[in-house]
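An overview of the molecular structure
For reference, the chains in residue letters:
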Amino acid sequence: MKESFSLALLKLARKDENVILITGDLGFGVFDRFREELPDQFLNVGVAEQNMTGVAVGMALEGYIPFTYSIGNFPTLRCLEQIRNDAAYHRANVKVVAIGGGFSYGALGMSHHATEDLAIMRAIPEITVVSPGCLWETEQATEAIVKTPGTCYLRLDKSHAGNTGRPGEVFSIGKARRLREGLDATLIATGGILSEALLAADRLQLEHRIDCRVVSMHSLKPFDKSEIVAAAKETGGIITVEEHVVEGGLGGLIAETLLQVGHPPRAFHRVGLRGGFASAVGSQEFLRKNYDLDSSAIVSAVLQISSLCS
Amino acid sequence: MISPGTTTVDLAKRLRIHVLRMTSSGGSSHIGAAYSMADIIAVLYGGSLRVDPRNPNWENRDRFILSKGHAGACVYAALAECGFFELAKLETHYKDGSDLSGHVSHLGNPGVELSTGSLGHGLSVGSGMALAAKKSGKAFRVFVQMSDGECDEGSNWEAILFAAHHRLDNLTAIVDYNKIQSLDLVSQTLGLEPFADKWAAFGWGVVEVDGHDHDQLRAAFAALPLQGGKPTVVIAHTIKGRGVSFMENSVLWHYRTGRAEEYEAALKELEAS
């Protein structure tokens, strides 16, 4: 996704000289072209995320559109208070971008697992939270956050679900995308793990004749309430899929929404991280399997709720 | 701006009286920290800062950030004295429903550039503003009022590196060096000395002044930037609680609220000054 983001940002920055890319000394090789072509719009602030965010706020308050970029938890948790107090409270036009959602950097260890960021960022008022699941969504989301005033968080992933954009399709922040129709259950995914949800839907159809609706919930704030309610009303149950702890992220969002509006799903399961930090390391693929986040785990969850409903 | 004929010494006295009333009536803390910087604020708002109360968002205004947000009462008082909002509003400070919060807030308060309260935020934001001014060729200057205790925060040292690296000579940090932080003396908590040397070693122009001597403060602000291509730090040696004898140099008056006899005694001293 980082290449899609980098290219989309370069296109935007060529058109608008107020777009500034600020990195906390990360993104090796990703921004070479950007840096070469638009050196005045590129700023490496060094390994100093708190200052990076504060500087971005100062520039945003003066009319610039700064993107702060780093990996894992560095552009979010490391400078969370700067995001809350300086960016969000002032509705500063700062775009926080993290590459490395979930286990993207799985082998680097716990420090590099971004597995609580969605819950934490979506709790902050006035912030837009976007977590694209495919390359098309990444490109579209990058353009969309520039047009969205105020502080935005863009969570990028190493994995992705290819290109799911359809000809003529319009991307809107806050509008979920239904990628498959089905009534037996709904798989709602956010981020690159959308690929596992699509894989699981294929397997369920082929091997079990279970038709799953698949929804890409690329925006967690604002989010598409009507699509969630439709899934609860129209399908046999909801399985949420996120490379994130089960608390407070996508699954939490959907559970609290459906209870609040009085449309609990017929069955509900959150595929996500449980049971503490992931101390094991490995590839994203390995860790998904190891922590029951892969397509097989999603298939099992659907089979389980299907048996409950039958 | 302040009415003609009012000196910055007059203004400082009024700021201290406002702050006493605001903190006593609202029941808030931090009078000591407001008094140590009252002379600095009076000199800034009494003429050194280029601001326009009739046009608070004037593009070329100097940006002033109170990074030691806990001393907000003093800045609110200065803004009201200058006409950014009504003096009567000061009476709401720290009270239910007011937007004059204990730590300075921009919402509803013209003239406040940045809401603060958590220490170690202002200098980074100020650096971003100063960089923006350089990039866009604007002539405004950025002033960040810091505390000494605040210099414990590592984020400030990130910003200190950054501002020097980017040669932000349109940025001035002012440190209210009253030598007392929340619970104890700075020297007993996390020593800063040799303080001026540290800033100089990080690439800043450094000037030390008596933070209660208006002529020294005015001269320092008139000479900015101290060195072309470098941000400037004005290290203002001050006395916590300055202006009321029993509050001066006292850790107690970081948090204590002056009430009843203490309030009356303080008011008497200030009015007689």
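Predicted model only: the values in this text are computed from it and were never measured. (Residues numbered from 1 in each chain as written. Chains lettered and ligands numbered in written order. Predicted model: local features only at pLDDT ≥ 70, side-chain atom pairs only at ≥ 80, totals over all residues.)

So, about the overall build of chain B. When helices and strands are tallied, chain B shows eleven helices and five strands. For chain B, the C-alpha atoms occupy an extent of roughly 50 × 45 × 35 Å along the three principal directions. In chain B, the proportion of contacts linking residues at least 24 apart, taken out of those at least 6 apart, comes to 76%. (Helix = DSSP H or I, 4+ residues; strand = E, 2+ residues; numbered from the N terminus. Contact = placed C-beta atoms within 7 Å.)

Turning our eyes to something else, we now look at the nonpolar core. Leu187(A), Ala197(A), Val302(A), Ile41(B) and Cys74(B) are the most contacted members of the largest nonpolar core, which totals 174 residues. Tallying contributions element by element places helix 4 (residues 72–82) of chain B first for this core, with nine residues. Of the residues that make up this core, three or more belong to each of domain 1 (2–156) and domain 2 (177–309) of chain A. Here Cys74(B) is in contact with Leu15(B), Val19(B), Ala34(B), Met37(B), Ala38(B) and Ile41(B), once residues within four sequence places are set aside. (Core = buried A, V, L, I, M, F, W, Y, C linked by C-beta atoms within 7 Å. Buried ≥ 20, exposed ≤ 12 C-beta atoms within 10 Å, placed from the backbone. Domains from an automatic or database assignment.)

On to the interface of chain A and chain B, then. In this assembly, 19 residues from chain A lie in contact with 16 residues from chain B. Of all elements in the fold, only helix 3 (49–61) and helix 4 (80–88) of chain A reach the threshold of two or more residues within the side of chain A that touches chain B. In terms of residue count, helix 3 of chain A provides more of the side of chain A that touches chain B than any other element does, nine residues in total. Grouping the constituent residues of the side of chain A that touches chain B by class yields nine nonpolar, seven polar and three charged. (Nonpolar A, V, L, I, M, F, W, Y, C, P; charged D, E, K, R; others polar.)

All right, on to the packing of helix 1 (residues 8–26) of chain B against helix 4 of chain B then. Residues and elements named next belong to chain B. For the pair helix 1 and helix 4, the least separation of the axes is 9 Å and the interaxial angle reads 125°. In terms of orientation, helix 1 and helix 4 fall into the oblique class. Viewed along their axes, helix 1 and helix 4 form a crossing whose handedness is right-handed. Every residue of helix 4 that contacts helix 1 at Leu11, Arg14, Leu15, His18, Val19, Met22 and Thr23 is listed here: Ala73, Cys74, Ala77, Ala78 and Glu81. For the contact of helix 1 with helix 4, the residue count by class is eight nonpolar, two polar and two charged. (Axes fitted to C-alpha atoms, helices over the stretch in contact; angles between N-to-C directions. Parallel < 35°, antiparallel > 145°, perpendicular 65-115°, else oblique. Left-handed = near helix turned anticlockwise from the far one by under 90°.)

Following Glu193(B), the chain continues into Pro194(B) via a peptide bond in cis, with omega recorded as -5°. Along the chain, Pro194(B) turns up in the loop between helix 7 (186–189) and helix 8 (195–201). Between Leu224(B) and the following residue, Pro225(B), the backbone shows a cis peptide bond with an omega angle of -10°. Topologically, Pro225(B) is positioned in the loop between helix 9 (214–222) and strand 5 (232–237). Although it is not a glycine, Asp25(A) adopts a positive phi angle of roughly 65°.

Attention shifts here to the environment of Asn109(B). Residues and elements named next belong to chain B. You can see asparagine 109 is positioned in the loop between helix 4 and helix 5 (122–136). Note on asparagine 109: 21 C-beta atoms within 10 Å, which makes it buried. Between the C-alpha atom of asparagine 109 and that of serine 124, which follows or precedes it by 15 residues, the distance is 22 Å. Setting aside its immediate chain neighbours within four residues, asparagine 109 contacts Phe85, Asp99 and Leu100.

Turning our attention to the confidence of the model for chain B. Chain-level statistics for chain B give a pLDDT mean of 96 and a share of 100% at 70 or above. Predicted complex, confidence summary: ipTM 0.96, pTM 0.97. (pLDDT = per-residue confidence, 0-100.)

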